[in-house]
Every structure is written in structure tokens, then in C-alpha cells.
Amino acid sequence: MNNSQRSDNHSHNIDYRTIEQTMEKLSGGTRRLAAQLTTTATFESLWSALTDYDHLNIYIPNLLSSKKIFQKNNNVHLKQVGAQDFLGMKFSAEVTIDLYEEKELGLLRFNLIKGDFRKFEGSWKIKTIKNTSKNSLIYDLTVQGFQWMPIGMIEKRLKKDLSENLIAVDRRAKTINN
């Protein structure tokens, strides 16, 4: 379907096929994934969407719960539970992450305190694209499962999730009036 055939309620959506993605296979079953999309959503609306910690599960697919359990200045601890259907089986994972907000840099850095992964760390970054009214939204994740977790088998799922998360944040940001 080309853009001229889209209905009015889809005309505000960008072409999400323009998401750029990379994946690195690191030692010990560790994967580093990064995804980026260009959006017309404002910096403030993107920041608001990303830092609405207790409501992330409302618009981020496969995130069952997200709860802020600690905050002091720009340091936040979140407890999150995600779930997937994978090869006909229900898989869920829980993490408690330490998150550091650097709004002036458009950066949210996080790392694992405890949870169902050996490693779960990364960042969300908002970058203004010079000489445009657009922003770049970047999600970078390094993940290492426990030995019983078939990380190699779920690579495609991880890549799909990163794209879906970017799209979800972008869509949510576009509903926020800043």
C-alpha cells in the first residue's frame, strides 16, 4: 500500500521501515543491539514518554509492568516485567534496573541491579537533527541471558522488540502536548 492509499488516521505515522538497526554478537552469548528512528516528535514529548516510568507498560509492547521503586534526583530504580510468546511457549523476565537521567544530553542510561539476565544494560538517547525540526531516537541494549536462555534463538525477537519499542515511544510522544 503506498502513502496515498492510507486512511487519514494513519497519515500522521512515519514510514517505520526507515528504522536503522545493528546487532553485534559478543562473547558468552551476549548481544549488543541498537536501533534508531527519525521522528517529528519534539524532544520534550519524547523525554516525557520515556520518563513516564509507571506507565511505560501501557504503550510498550510485551512490557507487563513498570514501577518506579526509588528516585533521588536524576537516579531512578525501576522494576519491570516483560513477557513474550516464543515458539508457542510463554516466556517472562523480570529486571530491576538502575537508571540515570541526563536530560541536558537527552540520555537515559540503565544497567541491571538484579533480574533474569546476567547482563541487561543500555540507553535511550534523543538527538536533535541539525537544521531540521526532527529528532533521532536511539535505543541501545546489551543483553546476556543465563545459560539456559537460548539468546541465539531469540536474536530476531530482540531486534523486532527494539523496533517495536522505538515505534511505541514515538507514537506515545506524538500524543503528548508540550
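Structural data are supplied above this passage.
What you see is a predicted model, and the numbers here were worked out from it, not measured in a lab.

Look at Asn73: it is not a glycine, yet its phi comes out positive at around 55°. Here Asn73 is to be found in the loop between strand 3 (63–72) and strand 4 (75–86). The class for Asn73 is exposed, based on a relative accessible area of 65%. The backbone phi angle of Asn131 is positive, close to 60°, even though this residue is not glycine.

So, on to the nonpolar core. Of all hydrophobic cores here, the largest spans 37 residues; its most connected members are Leu99, Phe110, Phe120, Trp124, Leu137, Leu166 and Val169. Top contributing element to this core by residue count: helix 3 (residues 155–173), with six residues. Apart from the residues lying within four places of it in its own chain, the contact partners of Phe110 are Ile97, Asp98, Leu99, Phe120, Glu121, Gly122, Ser123, Trp124, Tyr139, Asp140 and Leu141.

What counts and how
Residues numbered from 1 in each chain as written. Predicted model: local features only at pLDDT ≥ 70, side-chain atom pairs only at ≥ 80, totals over all residues. Heavy atoms only, no water. Helix = DSSP H or I, 4+ residues; strand = E, 2+ residues; numbered from the N terminus. Buried < 20%, exposed > 50% of the residue type's maximum accessible area, 1.4 Å probe, protein only. Core = buried A, V, L, I, M, F, W, Y, C linked by side-chain atoms within 4.5 Å. Contact = heavy atoms within 4.5 Å.

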